[in-house]
Amino acid sequence: MAALNLGGLTAPIWGRLAERRLHRELIAAGLVVVGVSLALLPSSTGIAPWLVLALLQGAGLTAISTVAGLLIVERHPQDEWDRRMGWLMTTFGSGQVVGLVIASFFSGTRSASGLYIGVAFTGLAFWVALRYIHTPPKPDQVRLAGPQPVHVPHVVASPASTHHHWGHISRQAAIQALQSPFGEFILGSSLLTLASGLIFIPYPLLFSESYNVAPSTSSLAFGIAAALAIFWYPLAGHLSHKRGALFVLNSSLVVRWISFAVLMVLAMVSTSARGIWAEASFLLTVNSWPFITVSATVAAAELAPTDEGTTLGIYNAATALVNTASALVAGVIASQLGYEGLPVFATIIMLGAVAVTIRVGRKQRLTKDASSNVESPS
């Protein structure tokens with residue numbers, strides 16, 4: 001997983017290449033890399049080939065998702081981004097559900113059929129890319145409809161896989177951003193990513209070793225949870241607009257912290273029903289994600305202290321690095337303390353994320369109140 005996430009750090013490369021109007025070619029190339037690496041996995045032995053193939057898959061997936069986001073940004077007016085990105089995330093999530101169902105069917109067997117089905121889907125996607133994807137007009141030819149808010153395009157799984165602005169960060173602008181409330185937001189987001197990685201990355205092994213849930217059952221449960229989560233994205237956007245992004249984010253983080261705390265307690269007790277309760281808690285964990293990712297997107301935009309490119313670059317770079325580190329940290333904790341230690345650390349770190357984002361929200365409210373007092377007549 002660390003190697004797969006490390007491939008996400010290639011996002012700036014694909015963004016720069018896309019500026020040369022190579023959108024269809026990049027998506028097609030990414031699909032080829034993913035398909036070939038999947039096809040080679042069954043015949044590979046040893047950790048080194050698996051790491052290389054996982055790194056290639058991460059790079060290929062990042063190329064696809066980065067350019068997919070850019071196709072929306074460069075082809076359509078900015079006031080349409082939210083709706084179209086929502087559909088993109090929903091479609092991406094639907095694909096995850098299908099993949100998890102396939103994984104649940106073949107897990108517990110030594111068959112590589114699931115991987116080859118993935119190769120077949122990749123081939124179908126390759127044909128669709130060549131047939132239907134066309135390079136959009138240059139960004140300056142796209143009509144923007146009226147005053148536009150700063151926006152952070154997201155694709156479901158990882159913020160690191162969506163944008164190419166990372167390569168445009170200047171040192172002075174980065175320091176300015178990190179010294180603002182946005183810097184605290186980055187800290188909270190990094191703690192969230194680290195805590196979540198401790199649960200999601202070793203998920204099948206964690207539930208097998210700590211809660212006696214078979215991998216086939218846990219994969220199916222993950223698929224069901226992800227299927228339900230697809231429907232929450234529109235509501236998350238509506239609530240972020242109505243109640244405020246940081247309010248929704250803080251509430252969602254509290255829900256995720258509670259679910260992690262339940263997993264921590266269940267790992268420490270011995271009961272025949274703990275597997276069922278663990279999956280119920282994980283259902284809550286997965287379904288908090290749409291509210292977290294949508295509200296974090298809006299919050300990052302609202303807190304942006306400098307230009308959009310620098311802000312998004314810092315956000316994506318931090319998330320990609322923490323995603324990679326979380327896989328390594330999860331491995332160390334599991335090997336030294338056992339899988340039961342993972343929800344303990346996840347709960348503690350998530351509590352830190354909640355505390356930081358609540359502090360950021362309080363500062364934002366004070367700033368808005370001060371601005372209102374200045375603008376209101378005496």
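For the structure itself, look to the data block above.
First, a word on scope: everything that follows refers to the structure included in this document. Predicted model only: the values in this text are computed from it and were never measured.

Let us look at the overall build of the protein. What the protein contains, in helices and strands, is 16 helices and zero strands. Contacts in the protein between residues at least 24 apart in sequence constitute 85% of all its contacts with a sequence separation of at least 6.

This part is about the environment of Phe121. Mapped onto the elements, Phe121 comes out in helix H6 (residues 113-132). As a C-alpha pair, Phe121 and Gly35 span 86 residues in sequence and 8.6 Å in three-dimensional space. The contact partners of Phe121, leaving out residues within four places of it in the chain, are Val98 and Ile102.

Per the counting criterion, the structure on display carries one salt bridge. Between Arg359 and Glu184 there is a salt bridge; the shortest N-O distance is 2.8 Å. Residue Arg359 is found in helix H16 (residues 341-375), and its partner Glu184 is found in helix H8 (residues 181-200); the two are separated by 175 residues along the sequence. Here Arg359 falls in the partly exposed class, since its relative accessible area comes to 44%.

Our next topic: the packing of aromatic side chains. Here the structure, examined in full by the defined rule, presents ten aromatic pairs. Where Phe200 meets Phe282, the ring centres are 5.4 Å apart and the plane angle is 50°; that geometry is what we call tilted. Within this pair, whereas Phe200 is found in helix H8, its partner Phe282 is found in helix H13 (residues 274-287), the two being separated by 82 residues in sequence. Taken together, the ring pairs connect Phe200, Tyr203, Phe207, Tyr211, Phe222 and Phe282 into an aromatic cluster.

On to the packing of helix H9 (residues 203-211) against H13, then. Interhelical geometry of H9 versus H13 gives an angle of 150° and a closest axis separation of 10 Å. When the axes of H9 and H13 are compared, the pair comes out roughly antiparallel. Between H9 and H13 lies a crossing whose hand is right-handed. Here Tyr203, Phe207, Ser210 and Tyr211 of H9 lie close against H13, whose contacting residues are Arg274, Gly275, Ala278, Glu279 and Phe282. Among the residues forming the contact of H9 with H13, the class breakdown is five nonpolar, two polar and two charged.

Basis of the calculations
Residues numbered from 1 in each chain as written. Predicted model: local features only at pLDDT ≥ 70, side-chain atom pairs only at ≥ 80, totals over all residues. Heavy atoms only, no water. Helix = DSSP H or I, 4+ residues; strand = E, 2+ residues; numbered from the N terminus. Contact = heavy atoms within 4.5 Å. Salt bridge = Lys/Arg side-chain N within 4 Å of Asp/Glu carboxyl O. Buried < 20%, exposed > 50% of the residue type's maximum accessible area, 1.4 Å probe, protein only. Phe/Tyr/Trp six-rings, centres within 6.5 Å; stacked < 30°, edge-to-face > 60°. Axes fitted to C-alpha atoms, helices over the stretch in contact; angles between N-to-C directions. Parallel < 35°, antiparallel > 145°, perpendicular 65-115°, else oblique. Left-handed = near helix turned anticlockwise from the far one by under 90°. Nonpolar A, V, L, I, M, F, W, Y, C, P; charged D, E, K, R; others polar.

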